[in-house]
Structures are given as structure tokens and as C-alpha cells.
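# Analysis of the macromolecular model
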Amino acid sequence: MAKILVVTSGKGGVGKTTSSAAIGTGLALRGHKTVIVDFDVGLRNLDLIMGCERRVVYDFVNVIQGDATLTQALIKDKRLENLYVLAASQTRDKDALTLEGVGKVIDELAQNFEFVICDSPAGIEKGAHLAMYFADEAIVVTNPEVSSVRDSDRMLGLLASKSRRAENGDEPIKEHLLLTRYNPERVVKGEMLGVEDVEEILSIRLLGVIPESQAVLKASNQGVPVILDDQSDAGQAYSDAVDRLLGKEVNHRFLDVKKQGFLQRLFGGRE
């Protein structure tokens, strides 16, 4: 049975699409047939991060409106056999997404995939509501700053009350916290909230802590999900998060300030 997973946040620019791409790729790397669906109509970015922007012929809205079949619109990843992308439309209005239309597409995807990752737009508008409505699980992405965490708390309220599960009285959406752009040095200086602070405010299970890293920007610019850069802290942190999502017990890393060696302290260098 397919698992519908929404990657969401209240605030823009926190790394939702980067996280959707990394987690979807990580699931596919572990042998799970996975599709990532871009719900951000008008502002699509998933295809860029996945490196398939030139291969978009039909999009999510085309499928909903009957201009193309799902088979025509799905883009097969060039690196992994069991990973697909369904791009958002760049030219349509957000009202092109309808509850009935999205539901039909999600149900069809659920018949053919193990994981359906819904990459939500930021905020509480229609696209974000539709991305979360059919979810079984939610990954709430937040930065360690007060405004981002506050907005994420608002999203938790919506996940609890405005989903299909809530309407039907079913078991609630399972919620996970993904903390991105974490910098232990800034936490020590009091410039950023610590992991415990964020956990205390949101009170949901910590899935992963993604360190602030140039590797994320580099990977995005190259059209490669950062999880494939297994030498980077960010790539390793996303890989750990995927393992936890699949039920493995994995210790959290990258939470503490790195200790510098003697030569680094002497010459002021950094790792």
C-alpha cells in the first residue's frame, strides 16, 4: 500500500523542495519506487533541483485537466530506475488545482508507487492545502529561527484539522520535524534556536537536522539532489533522515560545534 507523504512548512525558503528531492531520492536509492509531485503551480523548482527541467513536456495541471495522461507527464529520473517526477505548471493559476482532480491523480499514483512525495508550496493557500489533504505522513521543514518555527506550528494545526484523515475521523497524519540550515556555532552564540528549543515548541518527532552547508547550493545549481553527495554533511544528514523515516534507529549527527585540530587553531583554518 502506498504511503502519501507531504513535505510542508509555513514559511518559504526553508528548504522544502531540496528536502523533497533528497528524501525522494533516498527512498529510491533504498529500492522503493517513488514519485515526487510538485504542487507549487506557477513557481516550480523541483524539476531544476532534480535536473530534469528540459524534459518537462506535460505537467500536473495537464493531467488534471485531461490534456495528458499520467504516463505522459511522469518524468523518469536519469540516475535511478525507480524514481519519477511530476512537474508543476509554470503558466497556470493555482486555481487550476482542484480537490477532485488532485485526488484522482494521487489515487492513480498510489496504485503504482510505494511512496508519493508531495512537495508543498509555502504558506496556507490552496496549493499547500491540497498537498497536505491526502497525506498519511508529513515532514514539517523549519529553520531554527522564531518566525519559521511559529509558522510551522501553524501548519501543524492545519495538518491536524484540514486533512482527509481529520475529516473522516481516521488516525491523524504522522508528523515529523526536519530542521534545516542548522549551525551549532550560531546556536552557542545565541543567534539561532537549538534543537531542544524547536522540539519543545513544536512537540513532534525529530526526523533529522540538516547542517548549514554550501553543498546544498552547489547540488541545486548542478541539478543533483544533495543526498547523492555522500561526502557532504548535508548529504549524510539527509541519508540518516531517510533511514529514520523507514523506521531505523540512527543517532543524530552534526549537532555540536566541530572541534578544530592543533594546526587549524594555529592557522585559523576550518574544516
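The structure under discussion appears in the preceding block.
Quick summary incoming for the structure in this document. Quick caveat, the model's predicted, so the values are computed rather than measured. (Residues numbered from 1 in each chain as written. Predicted model: local features only at pLDDT ≥ 70, side-chain atom pairs only at ≥ 80, totals over all residues. Heavy atoms only, no water.)

Attention now moves to the packing of aromatic side chains. A full pass over the atoms with the stated rule returns three aromatic pairs. Look at F39 and F60: their rings are 5.1 Å apart centre to centre, the planes differ by 85°, and that puts the pair in the edge-to-face class. Taken together, the residues span a long stretch of sequence, with F39 in the loop between strand 2 (34-38) and helix 2 (46-49) and F60 in helix 3 (residues 60-64) at a distance of 21 residues. For the residue pair F39 and F60, the accessibility class agrees, reading buried in each case. A centroid spacing of 5.5 Å and a plane angle of 75° characterise the contact between Y84 and F113, whose relative ring orientation is edge-to-face. (Phe/Tyr/Trp six-rings, centres within 6.5 Å; stacked < 30°, edge-to-face > 60°. Helix = DSSP H or I, 4+ residues; strand = E, 2+ residues; numbered from the N terminus. Buried < 20%, exposed > 50% of the residue type's maximum accessible area, 1.4 Å probe, protein only.)

Turning our eyes to something else, we now look at the packing of helix 1 (residues 16-29) against helix 12 (residues 233-245). Running from N to C, helix 1 and helix 12 point in directions that differ by 65°, and their axes come no closer than 9 Å. Our pair here, helix 1 against helix 12, has a crossing hand that is right-handed. Mapping the contact onto sequence places T18, S19, A22, I23, G26 and L27 in helix 1 and Y238, V242 and L245 in helix 12. Split into classes, the residues belonging to the contact of helix 1 with helix 12 amount to six nonpolar, three polar and no charged. (Axes fitted to C-alpha atoms, helices over the stretch in contact; angles between N-to-C directions. Left-handed = near helix turned anticlockwise from the far one by under 90°. Contact = heavy atoms within 4.5 Å. Nonpolar A, V, L, I, M, F, W, Y, C, P; charged D, E, K, R; others polar.)

Attention now goes to the pairing of strand 4 (residues 83-86). Because side chains alternate across strand 4, one face comprises the buried residues L83 and V85, and the other comprises Y84 and L86, equally buried. In the sheet, strand 3 (residues 75-76) pairs with strand 4 via two bridges, with the strands oriented antiparallel. Residue K76 lies in a different strand from strand 4, and its bridge partner there is Y84. A loop of six residues connects strand 3 with strand 4, the two strands running antiparallel in sequence. (Pairing = 2+ DSSP bridges.)

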